[in-house]
Amino acid sequence: MELCYSSHSCNEFTFRIKRTNSTACMESEGAPNPSLDPELSKWIKENRGPDAFLVRTDGAERFATVSDSYEGNCSYAFDIRLKNPGIVYLQAWWTFSNYQAYSDTDDAWPEQHISLLDSPITLDICRSNCVPITPARPPPNATTISIPSTSDVDVPLSACSGSGPIRGSYLPAHPLDILYPPITLPQGRNYPIVGRYNFVPESCQWRHAGTRFSNRIEQCTEKKRKVLFVGDSHGRVAWDVMIHRLSGHQDILTLSLKAGSKNTTIGNTDFNFLWDPRGITLAKPAACEEMVGDADVVVVSVAAHLAASHQISTSQYTQTLQSIFSTLSSCPHPPDLSKRTLVYMTAPAAPPRTDEYVRKYADRRTNVRLQHWRDLGTDVALKAGWSVVDQFDLTLPHNLEPLHTDMAHYLSTDAMDPIVDEVIGKIGICDEEAA
C-alpha cells in the first residue's frame, strides 16, 4: 500500500493498493471475461481490474468508495478528496478477486473476502488553520443566537433542486448532538449505527417543509394529491420513513413491516405502496391502468432485485428500465395535472454479506456492479425526463452498519434521513421556505 497526499490542499490524497505476487496477478487478470458483452468486458478489464476494494474514512468525514483507477499489473489507485478538514482514519478492505465483483456470466455466488488490509491509518495532513466543521442539528423550536456577520453581504445557500441526484458529505455530528441527542437513538446489536454523522448537501440546503425537525410539516399534506411508490423493499422502507415523518413523528423509525401493498391518507394526500420488485408489471402497458391510475406522483425502486439475479445481465437491466420509463411516461394523467412527477430511486449499496442466505441464492449484488448500474440507470432516467434519488451514493459510506441490523436495509442508519429528505424534495409535495 502507498499513500501520496497533496501539500497544497486539505485532505486530498491518492491511496494505492498493489499485489506483490506477479504470478498471482497474472492468474487473476487471466480469469474468464466477466460479461458476455465484449465491450463491457473490455471496459472492466481495462478500467477496474480483477480485484475490488472498499476504502472508507472516518473522523472529520465519513466517506467510502469502490471506484479505483486501474493502473495495470494489479495496481489500483483511489484518488480521494474530502470536503472537511481535520484528522481522518483510513481503512481498506479487499472484497473480490478474479473479476467476481462484476460478473454477469458466473452462476455461482461471488465469494467475498472482506479482508481488512491493515489497521486504520491516521491522516493528519491539513494545515492548523483549516478548522473542521461539525454541523449542529437543532431540535424543534430551538432558539439560535449568533454573532452578527462581519461580511458586507451574507449570501444564503440556494434550495436543493433539480432532477439530478443531490451530492454532499457526511460530516461528524456536533458534540452536543452526541451528548444530548435531540431524539432517542436506536443502536444495532451492541454497535452504534446512527447519530454519528449528518449529511450536508453540497452548495445547497433543503428548504422544504418536510425535513425531520420542521415545524411546518403539516403543510406537505394540505393539498389533495395521490403519491404512489412501486418497487422493492428499499422503496418500501423509504415510503415507511416518509409516512412516519409526514405524520408528525420526529423520532427514528426502527421497523418496516413487510407487505405486498400499503396505503394511508395524511391530511388531504393519499399515499400508496405497491410491490413489484423487478418492475415486471411496471413495464407492461397495463401498468397505466392497473398501477398508476390517477396518481400525481410515481416513485420507482426496482434495481436491487434485478441485480441480485445472475439471470439478469447489464443490458437486460437497462432495457427493463427503458421499458418502465417509456411506459409510465406515456400514461395519461388527470385532467387537472399538467405533468406527472416521476422519480427513480437507484439501488442502495449492498452490505457485504457472507451468510447462508446470499450463498444459497447466489446473490450477485456487489457494490462495483451496483455502482455501474447506478451510473447507467441515472443516465437512462434523466434522458427520459425523470428525477433521480441516488441511494447508492447516500448509503455506501454506511454499508457496514446493516450487518448489525437486518443485513439488508438502511433503516435506523445515518443514510436514511438524507434519502427521505431528497425523496420528499423530488416529489414536490412540500412548500419551500424563502431564503
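Let me sum up the structure you'll find in this document.

Cut-off values and rules
Within each chain, residues carry numbers counting from 1 in the order of the written sequence. Confidence filtering applies because this is a predicted model: local features only for residues at pLDDT of at least 70, side-chain atom pairs given and counted only at 80 or more, and all residues used for totals across whole chains, interfaces and linings. Side-chain metrics rest on all non-hydrogen atoms present in the structure, leaving aside hydrogens and water. For each residue, the accessible area found with a 1.4 Å probe, counting protein chains only, is set against the maximum for its type, and the residue is called buried under 20%, exposed over 50%, and partly exposed in between. A run of H or I in DSSP becomes a helix once it reaches four residues, and a run of E becomes a strand once it reaches two; helices and strands are each numbered from the N terminus. Any two strands with at least two DSSP bridges between them are considered paired. Any two residues whose heavy atoms approach within 4.5 Å are treated as being in contact. Cysteine sulfurs are considered disulfide-paired once they come within 2.5 Å of each other. Nonpolar side chains (Val, Leu, Ile, Met, Phe, Trp, Tyr) are joined into patches within 5 Å and like charges within 9 Å, using only residues with over 30% relative accessible area and no salt bridge. We get accessible surface area from the Shrake-Rupley algorithm with a probe of 1.4 Å; when it comes to residues, only the shown protein chains can shield them. Whenever Lys or Arg places a side-chain nitrogen within 4 Å of a carboxyl oxygen from Asp or Glu, that contact is recorded as a salt bridge. None of His or the chain ends enter the tally, which takes Lys and Arg as positive and Asp and Glu as negative. Here the site of a charge means NZ on Lys, CZ on Arg, CG on Asp, or CD on Glu. Two rings from Phe, Tyr or Trp (for Trp, the six-membered ring) form a pair when their centres are within 6.5 Å of each other. A pair whose planes differ by under 30 degrees is stacked, one over 60 is edge-to-face, and the rest are tilted.

Some words on the pairing of strand β12 (residues 197-201)
Moving on, step 1. Taken across its 5 residues, β12 has 4 buried, putting it largely inside the fold.
Moving on, step 2. Here strand β11 (residues 168-172) runs beside β12; their pairing, made up of 5 bridges, is antiparallel. Counted as the bridge partner of tyrosine 170 is phenylalanine 199 from β12.

Notes on the side chain of histidine 234
Moving on, step 1. As for its position among the elements, histidine 234 is in helix α4 (residues 233-246).
Moving on, step 2. Discounting chain neighbours no more than four positions away, the residues touching histidine 234 are Ser301, Ala304, Pro348, Gln391, Ala408 and His409.

Notes on the state of the cysteines
Moving on, step 1. A full pass over the atoms with the stated rule returns 5 disulfides.
Moving on, step 2. The disulfide partner of cysteine 160 is cysteine 204, and the S-S distance across this bridge is 2.1 Å. Disulfide cysteine 160-cysteine 204: the torsion about the S-S bond is 90 degrees, which places it as right-handed. One end of the pair, cysteine 160, is in the loop between β10 (158-159) and β11; the other, cysteine 204, is in strand β13 (residues 204-205), with 44 residues separating them in the sequence.
Moving on, step 3. The class of cysteine 160 is buried, set by a relative accessible area of 4%.
Moving on, step 4. Overall, the relative accessible area of 8% leaves cysteine 204 in the buried class.
Moving on, step 5. Across the disulfide from cysteine 288 sits cysteine 331; the S-S distance is 2.0 Å.

With respect to a negative patch on the surface
Moving on, step 1. A surface patch of negative charge is lined by Glu218, Glu222, Asp431 and Glu432.
Moving on, step 2. One can find glutamate 222 in the loop between β13 and β14 (225-231).

Things to note about the packing of aromatic side chains
Describing an aromatic ring pair means giving the distance of the ring centres and the angle of the ring planes.
Moving on, step 1. A full pass over the atoms with the stated rule returns 8 aromatic pairs.
Moving on, step 2. Taken together, a centroid distance of 4.5 Å and an interplanar angle of 45 degrees make the contact between phenylalanine 325 and tryptophan 386 tilted. In this pair, phenylalanine 325 is assigned in helix α7 (residues 314-329) and tryptophan 386 in the loop between α9 (367-383) and β19 (387-389), connecting sequence segments 61 residues apart. By the burial criterion, phenylalanine 325 is buried, and tryptophan 386 matches it.
Moving on, step 3. Every member of this aromatic cluster is reached through a ring pair, and the members are Phe53, Tyr70, Tyr76 and Phe78.

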